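Fold and contact review
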Amino acid sequence: MLLTSCRVDTVTSLSVKANGSGTVSVTVTADSDVYKAAPTLKTDVRNDDLTAAGWKMNGPKETKDGGLTVTFSHGFNTPAEATTLLGQVNGSRGPLKGLALQRSGKNSNSTFTLTGKLEVNGGLEAFADDAALKLLGGAPYADQVKNSGQDLGKVVGIDFTASLPGKVVSTTGSANGTVITWRIPTDGTPTDVATTTNNVDIASNVARFFKWIVAFLLGAWVIGTVVLLGLVSARRGRRTPRT
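Let me begin by describing the structure that accompanies this report. Because the structure is predicted, anything quoted here is derived from the model rather than measured.

1. Considerations on the pairing of strand β12 (residues 195–200)
What you see with β12 is a clean split: Thr195, Thr197 and Asn199 sit on the buried side and Thr196, Asn198 and Val200 on the side with no burial. Taken together, the six bridges between strand β6 (residues 109–118) and β12 define a ladder with antiparallel strand orientation. The residue of β12 that forms the bridge with asparagine 109 is valine 200. As defined by bridge partners, strand β8 (residues 167–170) adjoins β12 across three bridges and the pair is classed as antiparallel.

Structure (structure tokens):
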């Protein structure tokens, strides 16, 4: 009966800067019904292992509607590091299957590609690692969800968002400005995340163009000055009286 109204939403976000650095974050939000049913949830969150691995925790803190939310985040310097972090979020069973970020091209004209798929396999088993399944003897709350008669998607929401530099060339997600969003189905349906963006640094290109113009003008000025000084010297030489 409790699960007919309870809901937990998870959003995993990938935010990338033009130089390939950025942040991976995971935000988990439980609604007010969950918080009421588990009032010690705020103090039960353990983050020792995550902190040791370089993740930062913001919260848990109460939401405006009486729920509870917590965010874990980790910065990265390269697309390869971002790929590693997404693998840490997914573990061996999670819905982020083989997500990989790549960057190619020059700093002033680069292409970002995101590949992989989103898929929930095994129902609630996708949200627990092997150690947890062994400890609990199965997926957490599987019997409660089954007995409630609720579809898993009604009690669990999973989103993945990516903010990549530049213009979106192609994507399978829903783009809103620079943010692309995927709602991950909980029925095992796979979703390809194939996404490409192109980032052209116009300011850098313009600056480089003017740099060459300034260099050319400076060179012309130097050459002109030398020629002028040569002409003046030659003229003075012709005016020098003979002895």
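2. Considering the environment of serine 163
As for its position among the elements, serine 163 is in strand β7 (residues 156–163). Counting along the chain gives 150 residues from serine 163 to serine 13, while the straight-line C-alpha distance between them is 7.9 Å. Excluding anything up to four places from it in sequence, serine 163 contacts Leu14, Ser15, Val16, Thr178 and Val179.

3. A look at the environment of arginine 93
Tracing the sequence through the fold places arginine 93 in the loop between α4 (79–90) and β5 (96–106). Counting along the chain gives 29 residues from arginine 93 to glycine 122, while the straight-line C-alpha distance between them is 8.6 Å.

4. Digging into the nonpolar core
Grouped together as the largest cluster of nonpolar side chains are 27 residues, with contacts concentrated most on Leu14, Leu114, Leu118, Phe160 and Trp182. For this core, the elements supplying multiple residues, two or more each, are β1 (8–16), β4 (68–76), α4, β5, β6, β7 and β10 (179–183). It is β7 that contributes the most residues to this core, four residues altogether.

What counts and what doesn't
Residues numbered from 1 in each chain as written. Predicted model: local features only at pLDDT ≥ 70, side-chain atom pairs only at ≥ 80, totals over all residues. Heavy atoms only, no water. Buried < 20%, exposed > 50% of the residue type's maximum accessible area, 1.4 Å probe, protein only. Helix = DSSP H or I, 4+ residues; strand = E, 2+ residues; numbered from the N terminus. Pairing = 2+ DSSP bridges. Contact = heavy atoms within 4.5 Å. Core = buried A, V, L, I, M, F, W, Y, C linked by side-chain atoms within 4.5 Å.

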